[in-house]
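Here is how the chains run, residue by residue.
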Amino acid sequence: GRDRSTLTMPNGVVLDVQRTAMPNGYHVATYSDVTVQKRTEVEIERQRAELARKSEHLELTLNHMAQGIAMIAPDRKVVVSNSKIVDRLGLPPAMLEAHPLLDDVIARQRDGGEFAMGPGEGSAVEQLSRIVDRPYEYQRRRPNGLVIEVSNAPLPGGGAVRTYTDITARKAAEEALRAGEERL
């Protein structure tokens, strides 16, 4: 029969020991230095744990932001998004989980009446929404009354990070202030 074990020497060298029983009752043992391999495995596991921790922290951060956020890759796919984007844009969560193309997201918004504004305004906002390679910011009122501020920040190498902020309360306060000033 064969027997295999690992032996760590006092100096830190790790040996892979294989023992094979011979028909005559003797045993043959081979010793292989696997120190580098074992250290590499430990380091890989440490890095995996660190990446998992960072990923968990990033996920918590994204889902507890006040803004909806999306990262658009150079191929125009929405590769990262948080739960607030669903609320801000009225998109189904399953759509974003599938990493759709930005153009598909915009088409769904258009079909849902998101860009139906004054004459010419809707198509201009829709066209602006398609641009990912320039920084910009705009505000628009959704059909449900929510006012959102959209900010686009291009990324080095292509793509962009886009935030969607609910500014409904701020806009209502600004309109109330203007109405009060007009009465004076």
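Let us look at the structure shown here.

Conventions and cut-offs
For every chain, the first residue of the written sequence is number 1, and numbering continues from 1 along that sequence. Residue-level local features of this predicted model are given only where pLDDT is at least 70; pairs of side-chain atoms are given and counted only at 80 or more, and the full residue set underlies all totals for whole chains, interfaces and linings. For the side-chain quantities, the full set of heavy atoms in the structure was used; hydrogens and water were omitted. Aromatic pairs are defined between Phe, Tyr and Trp rings, using the six-membered ring for Trp, whenever the two ring centres lie within 6.5 Å; interplanar angles under 30 degrees are classed as stacked, those over 60 as edge-to-face, and all others as tilted. With a 1 Å grid laid over protein atoms only, a set of points is called a cavity when a 1.4 Å probe fits there but cannot get out and a pocket when it is open yet has protein on both sides within 12 Å along at least five of seven lines; lining residues have an atom within 4 Å of a point. Grid points are joined across faces, edges and corners, and a volume is the space filled by probe spheres set on the points. Note on conventions: DSSP H or I runs of at least 4 residues are helices, E runs of at least 2 residues are strands, and numbering of each starts at the N terminus. Three exposure classes are used, based on accessible area relative to the maximum for each residue type with a 1.4 Å probe and protein chains only: buried under 20%, partly exposed in between, and exposed over 50%. Think of it this way: DSSP has to see at least two bridges between two strands before they count as a pair.

This brings us to the packing of aromatic side chains. Taken as a whole and judged by the stated rule, the model has one aromatic pair. Between the aromatic rings of Y136 and Y138, the centroid separation amounts to 6.0 Å while the plane-to-plane angle is 20°, which identifies the pairing as stacked.

Roughly 180 Å³ of internal volume is contained in the largest pocket. Taken together, 13 residues make up the lining of the largest pocket; nearest its centre are S81, N82, S83, L96 and E97. Residue assignment for the lining of the largest pocket shows that the elements contributing at least two residues are strand 5 (78-81), helix 2 (83-89) and helix 3 (93-97). Take the lining of the largest pocket: its biggest share by element is four residues, from strand 5.

The next subject is helix 4 (residues 102-111). Those residues of helix 4 not exposed but buried are L102, V105, I106, A107 and Q109. G113 sits one or two positions beyond helix 4 and adopts a positive phi of about 85°.

As paired strands, strand 2 (residues 14-21) and strand 3 (residues 27-33) are joined by seven bridges and run antiparallel to one another. Counted as the bridge partner of V17 is Y31 from strand 3. Counted along the chain from strand 2 to the antiparallel partner strand 3, the turn is five residues long, and its residue G25 has a positive phi close to 95°.

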